[in-house]
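Survey of secondary and tertiary structure
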Amino acid sequence: MNSNVENLPPHVLRLVYKEVSALAADPPEGIKIYPSEEDITELHTAIEGPEGTPFAGGVFRMRLVLGKDFPAVPPKGYFLTKIFHPNVGHKGEICVNVLKRDWKAELGLRHVLLTIKCLLIHPNPESALNEEAGRLLLEDYAEYESRARLLTEIHAMGGTSGAPQDPNDGPQPKKHAGDPMKRAGPSAAAVPAALGNGANGASTTSSNSNSSSSTNNVAGKKKADKKRALRRL
């Protein structure tokens, strides 16, 4: 959506900037404000799902867009996080009276945000944008709650489903993962054996050398004795 900064009078821009700065410094409970430095006419927020509702535990990203006629005309609100709610359309558009016929310029953005949060607690099926959600809310609340809770877990909570990851999910470690020698691979496990063999090998070599030296000494002695015997003849 195009920025309306250039379309708003300077005095309106100053008022908007002042209010957005105040919201960022002191946001309503359960609501975080993310002002845009590039476009003050588009305000991004995150609303925590209220306790006791199917949205509890979720965080729902939302944006308010200030049109060129603001504040004479209310801002438009959109949920960026997918939600199953009677007053939120399939494209995230929000239907609430404060953004329509009940709007007054003096209400301000804080009042809008609080009203939208209250909408998560008290949906209004009579002005439903999501007709299926509105019908279930009136006729089968358990099913409505189940559907709303499911989408909250999938889209508004951390990870893929929002539920804590099962330690049994995903690749499992090998059974010898706790053994540092096995984890390091055959070469590491073979080091002690190689060192041991090296020591034994050195001992064997030394033994063989001593044995060979002894044999040579015996042979030399026999040869000398044989020469002395021949001289006597």
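Look above for the structure.
Analysis parameters
Residues numbered from 1 in each chain as written. Predicted model: local features only at pLDDT ≥ 70, side-chain atom pairs only at ≥ 80, totals over all residues. Heavy atoms only, no water. Core = buried A, V, L, I, M, F, W, Y, C linked by side-chain atoms within 4.5 Å. Buried < 20%, exposed > 50% of the residue type's maximum accessible area, 1.4 Å probe, protein only. Helix = DSSP H or I, 4+ residues; strand = E, 2+ residues; numbered from the N terminus. Pairing = 2+ DSSP bridges. Axes fitted to C-alpha atoms, helices over the stretch in contact; angles between N-to-C directions. Parallel < 35°, antiparallel > 145°, perpendicular 65-115°, else oblique. Contact = heavy atoms within 4.5 Å. Nonpolar A, V, L, I, M, F, W, Y, C, P; charged D, E, K, R; others polar.

As a further point, take the nonpolar core. Of all hydrophobic cores here, the largest spans 37 residues; its most connected members are Met 62, Leu 64, Phe 70, Phe 79, Ile 94, Leu 109 and Ile 116. Those elements that provide at least two residues to this core are helix 1 (10–25), strand 1 (31–34), strand 2 (42–48), strand 3 (59–65), helix 2 (108–121), helix 3 (131–139) and helix 4 (141–156). Here the element with the most residues in this core is helix 2; it accounts for six residues.

Attention shifts here to the sheet that holds strand 4 (residues 76–79). Taken in spatial order, the four strands line up as 1-2-3-4 in an open sheet, and their pairing is antiparallel. The open sheet is flanked by strand 1 and strand 4, the only strands paired with a single partner. With strand direction ignored, the average angle separating the axes of adjacent strands in the sheet is 25°. Of the strand pairs in this sheet, strand 2 and strand 3 are connected by seven bridges, and their pairing is antiparallel. Residue pairing for strand 3: His 44 is matched across the bridge by Arg 63.

Attention now goes to the packing of helix 3 against helix 4. At their nearest, the axes of helix 3 and helix 4 sit 6 Å apart, and the two run at 135° to each other. On the basis of their axis angle, the class for helix 3 and helix 4 is oblique. Contacts between helix 3 and helix 4 involve Glu 132, Ala 133, Leu 136, Leu 137 and Glu 139 from the former and Tyr 141, Glu 143, Tyr 144 and Arg 147 from the latter. Tallied by class, residues from the contact of helix 3 with helix 4 come to five nonpolar, no polar and four charged.

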